[in-house]
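The primary structure of each chain is shown beneath.
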Amino acid sequence: MGRSYRTYLAGETVYVCRSCGNHLAVQESVMSKNFTGQHGRAYLCRHVVNAYTSAEAEDRTMRTGKHTVRDLFCRVCHQVLGWKYEFAYEPTEKYKEGKFIIEREMIYECPERKRNVDKPVIEVIQEVITSQVPVGRG
Ligand SMILES: [Zn+2]
């Protein structure tokens, strides 16, 4: 297997893959929770990490009209999570382009806890750059 990167998110609530616990999105990136996926309720997200989209795009006709989409997969366990909107045929649906649908059924909400203990990886990197030694817990 090639190189693999994982991003660990920190926020009020982190959405993680239900089958493997991979971090996918933070609550702040959710634009709407009123979407419907293949399995019921779904979230429209501005930004998703640790996921990839299918190589082939396809047109799907939905309640809100025709869209070109790509399936969205978990980068760790390859579970289908939802899809990405590539193109919206209806002018009123253009805001969805480049955004992601994550099926509620495929994720769970992980409320952030232990904020002072488990620092997100990105903060640790910044401390290294500024030559400051992180305070350990002993
Ligand atoms: Zn997964």
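- Looking at an unreviewed UniProt entry, one finds the chain named Protein yippee-like, with Cutaneotrichosporon cavernicola as its source organism.
- Under Sequence similarities (unreviewed entry), UniProt gives the following word-for-word description of the chain: "Belongs to the yippee family."

## Considerations on the environment of Glu 58
Here comes step 1: Within the element layout of this structure, Glu 58 appears in strand β6 (residues 58-62).
Here comes step 2: The class for Glu 58 is exposed, based on 12 C-beta atoms found within 10 Å.
Here comes step 3: Each C-alpha atom of the pair Glu 58 and Val 69 lies 5.5 Å from the other, and the pair is 11 residues apart in sequence.

## Side note on the nonpolar core
Here comes step 1: By size, the foremost hydrophobic cluster in this structure holds 25 residues, and its most contacted members are Leu 24, Ala 25, Val 48, Leu 81, Ile 102 and Ile 107.
Here comes step 2: If one sorts the elements of this core by residue count, strand β8 (residues 80-88) sits on top with four residues.
Here comes step 3: For Ile 102, the residues in contact, after removing those within four places along its chain, are Tyr 15, Leu 24, Ala 25, Ala 42, Tyr 43, Cys 45, Val 48, Leu 81, Gly 82 and Ile 107.

## Observations regarding the sheet that holds strand β10 (residues 107-111)
Paired through backbone hydrogen bonds, the strands of a sheet run either parallel or antiparallel to each other.
Here comes step 1: A sheet is described by the order of its strands in space; here three strands give the open sequence β2-β1-β10, paired in antiparallel fashion. Every interior strand has two partners, whereas the edge strands, β2 (23-26) and β10, have only one. Strand-to-strand twist across the sheet, computed as the mean angle between neighbouring axes with direction ignored, equals 35 degrees.
Here comes step 2: Both strand β1 (residues 13-17) and β2 contribute to a ladder of three bridges, which runs antiparallel.

Each value, and the rule that gives it
- Residues numbered from 1 in each chain as written.
- Predicted model: local features only at pLDDT ≥ 70, side-chain atom pairs only at ≥ 80, totals over all residues.
- UniProt positions renumbered as here; feature names shortened; annotations may be inferred.
- Helix = DSSP H or I, 4+ residues; strand = E, 2+ residues; numbered from the N terminus.
- Buried ≥ 20, exposed ≤ 12 C-beta atoms within 10 Å, placed from the backbone.
- Core = buried A, V, L, I, M, F, W, Y, C linked by C-beta atoms within 7 Å.
- Contact = placed C-beta atoms within 7 Å.
- Pairing = 2+ DSSP bridges.
- Axes fitted to C-alpha atoms, helices over the stretch in contact; angles between N-to-C directions.

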